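An overview of the molecular structure
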Amino acid sequence: MGELMSRTQVLAQLRGASPAILPSMLQCDFGNLRAEVSALEQAGAVALHLDVMDGHFVPNLTYGLTLVKAFRSLTTLPLDVHLMISNPEDYLEQYVAAGADMVSIHVEAVSDARPLLRKLRDLGCLASLAFNPETPLEKVENCLEDCDAVLIMSVNPGFGGQEFQPVALEKLRHLRQKLDENVLLEVDGGVNEHTIGDCQAAGADLFVVGSGIFSGEDYSARLEHLNRYLTEAGRH
Ligand code: DX5
Ligand code: ZN
């Protein structure tokens with residue numbers, strides 16, 4: 001296994017790799033994690049997206065620090081940890097220590113996201129701000145200078161396999177125009193062959209895909225298929 005990377009190296013790698021599909025591990029075979037991670041590495045995944053849910057901020061409970069550590073022990077790919085939890089401020093150090101390279105906190109979960117984003121950067125982690133489909137852009141706008149990435153939810157967080165909400169496209173377009181081009185735009189939820197092209201055209205760099213990968217057994221074929229809908233045109 002190779003060396004783990006610094007914050008700036010991870011950022012450069014993700015920027016360089018974009019447009020890139022990030023497998024959401026929510027629907028992987030947790031009884032066979034080593035094989036799952038290895039198959040995704042061989043399929044060319046550039047990072048893994050880990051969905052942490054607490055049964056409180058969202059009506060579903062998944063996994064937490066133990067599984068993030070397990071993924072860390074299995075791969076040097078960047079780990080993109082999506083915290084769908086209340087009180088994320090209580091856990092940032094622990095998720096970074098567990099091996100997160102990028103952490104997304106939800107703007108709906110905190111009164112002021114800025115100190116948390118700054119803390120993530122101070123901890124050597126990429127700072128990302130996530131927001132739900134019904135959350136207005138104004139809620140995130142005053143935090144953008146503290147973000148390495150913005151995670152635009154295109155479904156209500158909690159479950160895989162939901163239908164893409166087109167409101168995410170407007171938000172992507174707006175943010176792409178407004179933001180420094182170095183800030184990564186990531187879209188999450190219902191991203192598949194029917195929606196991924198529109199997301200790229202609207203300005204997304206990183207595309208989180210769960211069902212679109214794990215509904216099949218051949219992850220290389222799934223990624224190759226979805227990649228056909230992405231152009232290599234780079235920035236928009
Ligand atoms: C939803 C999660 C997503 C989810 C995406 O709350 O944040 O990452 O796994 O799954 P699909 O691609 O099936 O919508
Ligand atoms: Zn997610």
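The structure contained in this document is the topic of the report that follows.

Criteria and thresholds
Residues numbered from 1 in each chain as written. Chains lettered and ligands numbered in written order. Predicted model: local features only at pLDDT ≥ 70, side-chain atom pairs only at ≥ 80, totals over all residues. Heavy atoms only, no water. Phe/Tyr/Trp six-rings, centres within 6.5 Å; stacked < 30°, edge-to-face > 60°. Buried < 20%, exposed > 50% of the residue type's maximum accessible area, 1.4 Å probe, protein only. Near = heavy atom within 4 Å. Polar contact = N/O pair within 3.5 Å; in protein donor to acceptor, adjacent residues only side chain to side chain. Helix = DSSP H or I, 4+ residues; strand = E, 2+ residues; numbered from the N terminus. Donors = N, O, S within 2.8 Å, 3.2 Å for Na, K, Ca; no water. Lys, Arg positive; Asp, Glu negative; His and termini not counted. Salt bridge = Lys/Arg side-chain N within 4 Å of Asp/Glu carboxyl O. Contact = heavy atoms within 4.5 Å.

Some thoughts on the packing of aromatic side chains
Counting across every chain of the model gives three aromatic pairs. Ring geometry for F214 against Y219: centres 5.1 Å apart, planes inclined by 65°, an arrangement best described as edge-to-face. Side by side, F214 and Y219 carry an identical accessibility label, which is buried. Here the aromatic residues F30, Y63 and F71 are joined through ring pairs into a cluster of three or more.

Quick word on the site of ligand 1
In the region of ligand 1, 21 residues are neighbours, and S24, G158, D188, G210 and S211 sit closest. A distance of 3.5 Å separates an oxygen atom of ligand 1 from a polar side-chain atom of Q27. Taking G210, its main chain carries an N or O atom lying 2.8 Å from an oxygen atom of ligand 1. Mapped onto the shell around ligand 1, the elements with two or more residues apiece are β2 (48-53), β3 (79-84) and β8 (206-209).

Focus: the coordination of the zinc ion (ligand 2)
Within the protein, the atoms that donate to the zinc ion (ligand 2) are H49 (NE2), D51 (OD), H82 (ND1) and D188 (OD), at distances of 2.0 to 2.3 Å. All donors of the zinc ion (ligand 2) belong to a single chain; written as a sequence motif, their spacing is H-x1-D-x30-H-x105-D. Of the two residues, H49 sits in strand β2 while H82 sits in strand β3, which places them 33 residues apart along the sequence.

What to know about the side chain of R222
Examined against the element boundaries, R222 turns out to sit in helix α10 (residues 219-227). Here R222 sits buried without a salt bridge, and the closest side chain of opposite charge, E193, lies 4.2 Å off (N-O distance). Not counting residues up to four positions away in its chain, the partners in contact with R222 are E193, G212, I213, S215 and G216.

A few points about helix α3 (residues 65-74)
All of the buried residues in α3 are L65, V68, F71, R72 and L74. Looking at the buried side of α3, the elements it contacts are α2 (33-42), β2, β3 and α4 (92-98).

Digging into the pattern of salt bridges
On inspection of all chains with the given rule, the structure shows nine salt bridges. Between K119 and E93 there is a salt bridge, and its shortest N-O distance comes to 2.8 Å. Of this pair, K119 sits in helix α5 (residues 114-122) while E93 is found in helix α4, placing the two residues 26 residues apart along the sequence. Classification of K119 as partly exposed rests on a relative accessible area of 29%. Residue E93 is classed as partly exposed on the basis of its relative accessible area of 38%. Each of the salt bridges in this network shares a partner with another, and the network as a whole consists of R7, R121 and D148.

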